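Structure at a glance
What follows is the residue order along each chain.
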Amino acid sequence: MNGSDLKMLVAEAADLILSSNKLVVFTGAGISTESGIPDFRSPGGIWERFDPDDFTYSKFISSKDSRRMQWNLFREGLLSDKAVPNAAHIAIADLYKMGRLDCVITQNIDNLHQKAGVPDDMVYELHGNMKWARCLECGRRYPFEEIKGRLEQGEEIPDCIACRGMLKPDIVMFEEQLPVDVLEEAGYRSMAADLFIVIGSTLTVYPAAYMPIYAVRSGVKLIIVNLSNTPMDRHAAVVINEKAGDTMTSIVQTVQEKSGL
Ligand code: NAD
């Protein structure tokens, strides 16, 4: 994309934000690649190193070997908890500080929106959050750091200290139901928005990918910032196939300039 085309698209996106009263931001793994967390499907992504079939819920609960293997990968830092927010997360947090954000709906489990400064209750995490592990028997939650410590000390399959039940990272695995309350609220907010920005998602993982579909069917304007094409591009008012960090920074700076901040 040449520089003047990009500038024009950034200005268009900024104008849409300036005329919006209910802005929903929807993010996928692509927003966190610039924080050093690989996405799943890009070259070098997680599925080039691991087999997605090993990460199913049924395998986790039915096979001790599978639990050992999965906990081992978490111990090795499949998704590093040391990652810090990048320019795109910070730009979204700036929109929140400017009073221009209704909520963030995210497919990510890395907690980086909250680390950037978006309040917890404004982030709808469709696939859970890496910062907790949960007991499948009694429901007790443990900070992931605590479990990681136990793994690093040699426990292979940590269990619940209270009831000896099976512990599981509090993230949605393949085949597992998404949290119904989060899904419902995210769907409602997608339909009630007046502007919906997708950042860093292939929009091919369902039911998360229904969110922009609900939005567009409700007449909500759509902006997409993603390196590769998505099935929703043809419905978008603005599509920017550039890196999320620089793009979101430019968009938010333009919003600030145009609103005299
Ligand atoms: P995906 O891996 O299917 O696609 C990521 C998309 O982001 C791709 O289209 C890619 O072109 C784009 N992208 C990569 N780097 C980018 C950048 N710097 N700027 C702009 N775009 C960029 O991701 P997905 O559609 O979100 O779905 C995969 C699932 O994987 C999600 O449901 C999520 O739960 C999970 N996941 C989460 C994390 C995380 O928490 N950080 C990491 C990996 C996977």
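This one's a predicted model, so the numbers in the text were calculated from it and none came from an experiment. (Residues numbered from 1 in each chain as written. Predicted model: local features only at pLDDT ≥ 70, side-chain atom pairs only at ≥ 80, totals over all residues. Heavy atoms only, no water.)

Points about the sheet that holds strand β5 (residues 141-143)
Quick note on the threshold: Think of it this way: DSSP has to see at least two bridges between two strands before they count as a pair. Counting from the N terminus, the helices are DSSP H or I runs at least four residues long and the strands are E runs at least two residues long. Axis lines are fitted through C-alpha atoms, for helices just across the contact stretch, and the angle between N-to-C directions can take any value from 0 to 180 degrees.
Strands sit in the order β5-β4-β6 across an open sheet of 3 strands; the sheet is antiparallel. Of all strands in the sheet, those with a lone pairing partner are β5 and β6 (167-171), marking the two edges. Ignoring which end each strand starts from, the neighbouring axes of this sheet average 40 degrees apart. Where strand β4 (residues 128-135) lies against β6, 4 bridges are found, and the strand directions are antiparallel.

Some points on the state of the cysteines
Counted only if it meets this: Throughout, disulfides are identified as pairs of cysteine sulfur atoms within 2.5 Å of each other. Exposure classes here rest on a 1.4 Å probe applied to the protein chains alone. A residue is buried below 20% of its type maximum, exposed above 50%, and partly exposed in between.
Scanning all chains against the criterion turns up 0 disulfides. Here Cys-135 stays unpaired: no disulfide links it, and the sulfur of Cys-163, its closest cysteine neighbor, is 3.6 Å away. Accessibility expressed as a relative area gives 1% for Cys-135, which makes it buried. Unpaired in terms of disulfides, Cys-138 finds its nearest cysteine sulfur in Cys-163, a separation of 3.7 Å. For Cys-138, a relative accessible area of 44% translates into the label partly exposed.

Quick look at the domain arrangement of the chain
To be explicit about the condition: Boundaries of every domain are those given by an automatic assignment or by a domain database. What gets called buried area is simply the loss in accessible area from a 1.4 Å probe that two parts show on being joined, summed for both. The working definition used for a salt bridge is a side-chain nitrogen of Lys or Arg within 4 Å of a carboxyl oxygen of Asp or Glu. We call two N or O atoms a polar contact when they sit within 3.5 Å, provided that within protein one can donate a hydrogen and the other can accept it, with sequence-adjacent residues counted only if both atoms are side-chain atoms. Each residue gets one of three labels, nonpolar for Ala, Val, Leu, Ile, Met, Phe, Trp, Tyr, Cys and Pro, charged for Asp, Glu, Lys and Arg, and polar for the others, Gly among them.
Domain annotation of the chain identifies domain 1 (1-36 + 84-127 + 178-261) and domain 2 (38-78 + 130-171). Approximately 660 Å² of surface area, both sides summed, lies buried where domain 1 meets domain 2, with 59% of it carried by carbon and sulfur atoms. Contact with domain 2 buries surface across domain 1, with Thr-33, Ile-109 and Asn-111 losing the most and accounting together for 46% of the total. Between the two partners, domain 1 and domain 2, sit 1 salt bridge. Taking the shortest distance from any N to any O, the salt bridge between Asp-120 and Lys-131 comes out at 3.9 Å. Summed over the shared surface of domain 1 and domain 2, the number is 1 residue pair in polar contact (both at pLDDT 80 or more). Class assignment for the residues of the side of domain 1 that touches domain 2 results in 3 nonpolar, 7 polar and 1 charged.

Describing unusual backbone geometry
Omega for the peptide link from Tyr-206 to Pro-207 comes to 5 degrees, which places this bond in the cis form. Unlike most non-glycine residues, Asn-111 shows phi in positive territory, near 70 degrees. Within the secondary structure, Asn-111 is located in the loop between β2 (103-106) and α5 (112-116). Overall, the relative accessible area of 14% leaves Asn-111 in the buried class.

Things to note about helix α8 (residues 210-217)
The criterion, for reference: In what follows, residue pairs with any heavy atoms lying within 4.5 Å of each other are defined as contacts.
For α8, the full list of buried residues reads Met-211, Pro-212, Ile-213 and Ala-215. Looking at the buried side of α8, the elements it contacts are β1 (23-27), β2, α7 (180-192), β7 (195-199) and β8 (221-225). Within two residues after α8, Gly-219 carries a phi angle of roughly 85 degrees, on the positive side.

Comments concerning the packing of aromatic side chains
Filter applied, for reference: Any Phe, Tyr or Trp ring, taking Trp's six-membered ring, that has another such ring centre within 6.5 Å forms a pair; planes under 30 degrees apart are called stacked, those over 60 apart edge-to-face, and the others tilted. Charge-over-ring contacts are defined here by two conditions on Lys NZ or Arg CZ: a distance within 6 Å of the ring centre and an angle within 35 degrees of the ring normal.
Scanning the model with the defined rule gives 5 aromatic pairs in all. Centroid distance Trp-71 to Phe-144: 6.3 Å. Interplanar angle 25 degrees. Geometry classified as stacked. Placement of Trp-71 in helix α3 (residues 64-75) and of Phe-144 in helix α6 (residues 144-152) is noted, with a sequence separation of 73 residues between them. A ring pair is formed by Tyr-210 and Tyr-214, whose centres lie 6.0 Å apart and whose planes are at 15 degrees; its orientation type is stacked. Remark: Tyr-214 and Tyr-210 occur in helix α8; sequence separation between them is 4 residues, near one turn of the helix. By way of ring pairs, the aromatic residues Phe-60, Trp-71 and Phe-144 are connected into one cluster. Against the face of Trp-132 rests Arg-141, its NZ or CZ located 4.0 Å from the ring centre.

Some points on the packing of helix α1 (residues 3-18) against helix α9 (residues 244-258)
Formally: Geometric relationships in this document are graded by angle, where less than 35 degrees denotes roughly parallel, more than 145 denotes roughly antiparallel, 65 to 115 denotes roughly perpendicular, and other angles denote oblique. In this scheme the handedness of a crossing depends on how the near helix is turned from the far one: anticlockwise by less than a right angle means left-handed, clockwise means right-handed.
Taken N-terminus to C-terminus, the directions of α1 and α9 make an angle of 60 degrees; their axes are 8 Å apart at the nearest point. The angle between the axes of α1 and α9 places the two elements in the oblique class. When the axes of α1 and α9 are compared, the crossing they make is right-handed. Contact residues: Val-10, Ala-11, Ala-13, Ala-14, Asp-15, Ile-17 and Leu-18 in α1; Ser-250, Ile-251, Thr-254, Val-255 and Lys-258 in α9. When the residues that make up the contact of α1 with α9 are grouped by side-chain class, the tally is 8 nonpolar, 2 polar and 2 charged.

Brief notes about the environment of Lys-221
With respect to the secondary-structure elements, Lys-221 resides in strand β8. With relative accessibility at 46%, the residue Lys-221 sits in the partly exposed group. Look past the residues within four positions of Lys-221 in its chain and what remains in contact with it is Leu-16, Asp-194, Leu-195 and Phe-196.

Some remarks on the site of the ligand
Our working rule: If even one non-hydrogen atom of a residue comes within 4 Å of a molecule or strand, that residue is called near it. Using a 1.4 Å probe, the Shrake-Rupley method yields the accessible areas, and only the shown protein chains count as cover for residues.
Near the ligand, the surroundings consist of 29 residues, among which Ala-29, Gln-107, Asp-110, His-127 and Ser-228 are the closest. Between the ligand and Asp-110, the relevant distance is 2.7 Å, taken from a nitrogen atom to a side-chain nitrogen or oxygen of the residue. Contact distances for the ligand include 2.9 Å between an oxygen atom and a side-chain N or O atom of Thr-202. Across the complex, the protein chains shield 95% of the 860 Å² of accessible surface that the ligand would expose by itself. Among the residues forming the shell around the ligand, the class breakdown is 10 nonpolar, 13 polar and 6 charged. For the shell around the ligand, the two domains that each supply at least three residues are domain 1 (1-36 + 84-127 + 178-261) and domain 2 (38-78 + 130-171).

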